[in-house]
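So the chains spell out like this:
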Amino acid sequence: MHDNTTDALLVRRAAAGDPIAFRALYERHARGIYLLAYPLLDREGASDVVQDVFMTVWSKGHQFDEQRGSFRTWLTAIARHRILDLARRRARDARLLAARGVAEQIEELIDSTTDVADDATTSVQARHVVHALGTLPPLQRRALVLVYFGGYTHRELAELLDWPLGTVKKRVRLGLHKLAVELGHLSPESFAAAEEATNEL
Amino acid sequence: MNCENVRELLAGYVLEALDPDERDAVARHLEDCADCSALAAALTATAHELPRVLDELAAPVLPASILERLTAPPATGRAGSWRPLRIRLAAAAVVALAVLAVLAGIRSQQAIADQHDLRARLAALVGEQSIVFDVVDSPHTTKVLLLPEREGSRAYGKVYTRSDLNDAVAFVNRLPQPRGANRYLLWIRTGRTTSRAGVLSLHSGFGYLVFHHKGQAHVADAFVTLQPPSSTPGAAVVLKLARD
């Protein structure tokens with residue numbers, strides 16, 4: 001299977017019963033899902049999530065609609081939902097420890113951006129995301145990272161960090177919207193318009 | 001809830017961070033608002049870029065190739081501190097292989113169906129595929145591993161039963177194609193009774209079988225024989241239950 005074959009084409013083939021396309025998708029994306037699950041679920045849990053998610057790809061791949069976003073986004077959304085479902089059943093302290101661990105490591109990564117940029121083993125996409133995160137104000141970044149990787153709700157995070165609920169919502173919102181602009185998913189004009197509208201509330 | 005209210009909550013919505021009532025209100029609004037839906041799609045794509053940073057963070061503590069480990073054959077009897085992990089990974093491998101096996105089976109069977117009764121065949125296959133997923137992908141599932149009787153063989157298999165269903169699924173892998181009238185037969189013992197579960201369909205070394213099994217019945221033994229179809233097990237056992 002050629003490396004340039006798009007995910008959308010592969011998932012169409014896999015959904016039509018092509019095992020080679022299925023395997024190609026697995027090779028491309030299994031590691032990313034494993035890494036996402038690993039901090040919160042350990043090795044066995046992460047392996048289970050990889051298995052579950054690819055079962056979903058095989059059985060429900062026909063539901064993927066490339067007009068609504070990339071395959072990677074679709075897959076990661078499925079994986080994160082499953083991971084959080086399992087993680088929320090675990091001890092609160094363990095989840096907090098894992099999420100803070102990821103947050104601290106990201107801060108270290110941002111602080112050493114020069115080293116990362118020089119490191120040939122880091123993917124271009126990873127560097128791009130680290131750089132974009134580095135442009136966010138630290139409290140917005142912390143709120144966003146803890147919500148994403150720890151699976152906290154606004155309310156849980158407010159309690160955890162002793163921030164007012166409205167502050168949590170605003171920091172998460174600004175953090176994600178600014179990140180969307182930095183990564184090119186949202187135009188600066190759209191962001192400004194959205195902020196103007198919400199400031200009028 | 002109007003667009004302005006929704007946009008204030010949209011980041012929390014795509015991150016699954018809202019209270020249930022907020023989430024439901026946003027979801028209802030998105031059903032009818034193309035502009036907010038487009039913004040939600042952009043924010044969703046952004047949020048799911050975040051895991052890319054983990055590639056750098058976690059690489060030192062993770063196996064070099066997850067795929068290799070997941071598709072590795074099961075442990076062959078040597079007890080060790082990492083045996084449970086290997087068995088777990090073997091389960092993942094069997095499921096991954098099962099996917100390929102089912103796919104291969106469906107394609108092959110479709111060719112036959114073309115010559116006979118296409119609609120009836122496909123309906124049966126779709127039903128069978130659904131059972132496979134119901135059985136292997138459930139918290140009520142119990143799995144047992146089958147290992148080769150013959151030393152040097154790399155064949156293995158897995159039997160999945162569900163305590164709340166009367167359907168069960170078995171997979172085998174790396175078995176040679178049977179010759180002549182011989183077939184691979186799966187046998188299950190519950191209590192003192194050993195009965196034939198069925199004949200394993202084999203495609204390029206992979207085989208699977210959906211069979212009837214009383215959900216509550218404990219699988220005391222399971223093994224695969226190579227023999228002509230019969231109601232009693234022959235002596236040529238190729239896979240037997242792994243016992244810790």
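Residues numbered from 1 in each chain as written. Chains lettered and ligands numbered in written order. Predicted model: local features only at pLDDT ≥ 70, side-chain atom pairs only at ≥ 80, totals over all residues.

Regarding the overall build of chain B
Check the secondary structure of chain B and you find 7 helices and 9 strands. Across the 244 residues of chain B, 38% fall into the buried class. Taking the intrachain contacts of chain B between residues at least 6 apart in sequence as the baseline, contacts between residues at least 24 apart amount to 59%. (Helix = DSSP H or I, 4+ residues; strand = E, 2+ residues; numbered from the N terminus. Buried ≥ 20, exposed ≤ 12 C-beta atoms within 10 Å, placed from the backbone. Contact = placed C-beta atoms within 7 Å.)

Here we look at the packing of helix α1 (residues 7-15) of chain A against helix α2 (residues 19-60) of chain A
Residue and element names in this part refer to chain A. Where α1 meets α2, the axes come as close as 5 Å, and the angle between the chain directions of the two elements is 100 degrees. Accordingly, the angle class assigned to the pair α1 and α2 is roughly perpendicular. On the side of α1, the interface is formed by Asp-7, Leu-10, Val-11, Arg-13 and Ala-14, while α2 contributes Ala-21, Phe-22, Ala-24, Leu-25, Val-57 and Trp-58. Considered class by class, the residues forming the contact of α1 with α2 number 9 nonpolar, no polar and 2 charged. (Axes fitted to C-alpha atoms, helices over the stretch in contact; angles between N-to-C directions. Parallel < 35°, antiparallel > 145°, perpendicular 65-115°, else oblique. Nonpolar A, V, L, I, M, F, W, Y, C, P; charged D, E, K, R; others polar.)

Some details on the packing of helix α1 (residues 3-14) of chain B against helix α3 (residues 34-47) of chain B
Residue and element names in this part refer to chain B. Contact pair α1 / α3: the axes reach a minimum separation of 9 Å and the direction vectors enclose 25 degrees. Taken together, α1 and α3 sit at an angle that is classed as roughly parallel. The two elements α1 and α3 cross, and the hand of that crossing is right-handed. For the pair α1 and α3, contact is made by Cys-3, Val-6, Arg-7, Leu-10, Ala-11, Tyr-13 and Val-14 and by Asp-35, Cys-36, Leu-39, Ala-40, Leu-43, Thr-44 and Ala-47, respectively. Classifying every residue of the contact of α1 with α3 gives 11 nonpolar, 1 polar and 2 charged. (Left-handed = near helix turned anticlockwise from the far one by under 90°.)

Focus: the nonpolar core
Ala37(A), Val147(A), Leu10(B) and Leu43(B) are the most contacted members of the largest nonpolar core, which has 78 residues in total. Those residues in contact with Leu43(B) that lie beyond four places of it in its chain are Leu176(A), Ala180(A), Leu10(B), Ala11(B) and Val14(B). One finds Leu146(B), Val169(B), Tyr184(B) and Tyr208(B) within the second-largest nonpolar core, a separate group that totals 28 residues. (Core = buried A, V, L, I, M, F, W, Y, C linked by C-beta atoms within 7 Å.)

A few points about helix α9 (residues 165-182) of chain A
All names here are of chain A. The first and last C-alpha atoms of α9 sit 26 Å apart over 18 residues, in line with the 26 Å expected at 1.5 Å per residue. Burial of α9 is extensive: 13 of the 18 residues sit out of reach of the surface. Immediately beyond the C-terminal end of α9, within one or two residues, lies Gly-184, with a positive phi of roughly 80 degrees. (Expected span 1.5 Å × (residues − 1).)

Focus: the pairing of strand β9 (residues 237-241) of chain B
Looking at chain direction, strand β1 (residues 141-148) of chain B and β9(B) are connected through 3 bridges and run antiparallel. Bridge pairing in β9(B) links Leu146(B) to Leu241(B). (Pairing = 2+ DSSP bridges.)

Here's the deal with the environment of Leu157(A)
Residues and elements named next belong to chain A. Among the secondary structure elements, Leu-157 is positioned in helix α8 (residues 154-161). According to the C-beta neighbour criterion, Leu-157 is buried, with 23 such atoms within 10 Å. With 11 residues separating them along the chain, Leu-157 and Val-168 place their C-alpha atoms 7.2 Å apart. Excluding anything up to four places from it in sequence, Leu-157 contacts Ala-143, Leu-146, Val-147, Tyr-152 and Val-168.

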